[in-house]
Amino acid sequence: MRIDVLTLFPAMFSAYLGESILQRAQTAGLIALHVHNIRDYAAGKHRVTDEPPYGGGGGMVLKPEPIFAAVDAIVAGGDAGRPKVVLLAPQGRRLTHAVAAELAAEPWLLFLCGRYEGVDERVRELLVVDELSIGDYVLTGGELAALVVIDALARHVPGVLGDEHAAERDSFADGLLEGPHYTRPEIFRGRAVPDVLRSGHAARIQRWRREQALRRTWQRRPELLLAADLDEADRLFLLTLAREMEPYDGTNG
Ligand code: ADE
């Protein structure tokens, strides 16, 4: 798939996208990433990209012309078709595991990173087809949010994770949080790896992992259980948990 990013701060992307899994995904040709500076498409000697809002109120608003010029140039330089233009903004729909998976199926995405008070509304009306927020807080711009969205969706692009089923095991994939993981050493600072994980008994390990996931979800995000895919054994286990456990308060999970 192809991903373009429109930002006033392209350098913010190179460090993160140039390392680890996202770098490998690009080298392997699984994701083609192009980051563009909005300022390059602004007119005039000063290449102005933002101006004060009509009606006053303070702050600055990104002007529409450079953004439209950038999108036109990107479309003209592409193979065919148009990207799905996604604005990062606190007013957008909330990013979830399901939204990340849905975006990963798009052939071409263009992420538009807002700054300051936001973007001129005509950009929303005429260009943007989806608007995403990464949470109910305000960042200084959409750049970090775009990186978060790109990272989360890349995990769903076939071949990006070495293990093709890794994304299916993620927290949230089955509606539950993941349970604990252990590696060597067997005992660390007096804490031992649970016996069952060293038992070699695949079915028992699988059941233990499932119960740990249920336990953690019950403690930390009980509302997720309402939509999770649970069988009879899961429900019985949750009943025993409900009898024994205090709600999570940040210290007892
Ligand atoms: N830009 C500023 N805050 C944001 C948020 N929470 N999500 C996405 N883009 C943003």
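Nothing here was measured: the structure is a model prediction, and the numbers come from that model. (Residues numbered from 1 in each chain as written. Predicted model: local features only at pLDDT ≥ 70, side-chain atom pairs only at ≥ 80, totals over all residues. Heavy atoms only, no water.)

A. Spotlight on the pairing of strand β1 (residues 2-7). With five of six residues buried, β1 lies mostly within the body of the structure. For β1 and strand β6 (residues 108-113), the ladder comprises five bridges, and the chain directions are parallel. Looking at the pairing, Asp4 lines up with Leu110 of β6. (Buried < 20%, exposed > 50% of the residue type's maximum accessible area, 1.4 Å probe, protein only. Helix = DSSP H or I, 4+ residues; strand = E, 2+ residues; numbered from the N terminus. Pairing = 2+ DSSP bridges.)

B. Representation of the site of the ligand within the structure. What surrounds the ligand is a group of 13 residues, the closest being Ala89, Ile134, Gly135, Tyr137 and Leu139. At a separation of 3.1 Å, a nitrogen atom of the ligand approaches a polar backbone atom of Gly135. Within the backbone of Tyr137, one N or O atom sits 2.8 Å away from a nitrogen atom of the ligand. In isolation the ligand exposes 260 Å². Once the protein is present, 96% of that is buried. Contributing elements (two or more residues each) for the shell around the ligand: β5 (84-94) and β8 (130-133). In terms of residue class, the shell around the ligand is built from nine nonpolar, four polar and no charged. (Near = heavy atom within 4 Å. Polar contact = N/O pair within 3.5 Å; in protein donor to acceptor, adjacent residues only side chain to side chain. Areas by Shrake-Rupley, 256 points an atom, 1.4 Å probe, with all protein chains shown as cover. Nonpolar A, V, L, I, M, F, W, Y, C, P; charged D, E, K, R; others polar.)

C. Up close: helix α9 (residues 232-244). The terminal C-alpha atoms of α9, which comprises 13 residues, lie 19 Å apart, in line with the 18 Å expected from a rise of 1.5 Å per residue. By the N-cap criterion, in which a side-chain oxygen at the helix start approaches the backbone nitrogen of a residue two or three places on, α9 is capped by Asp231, the distance to Ala233 being 3.1 Å. (Expected span 1.5 Å × (residues − 1).)

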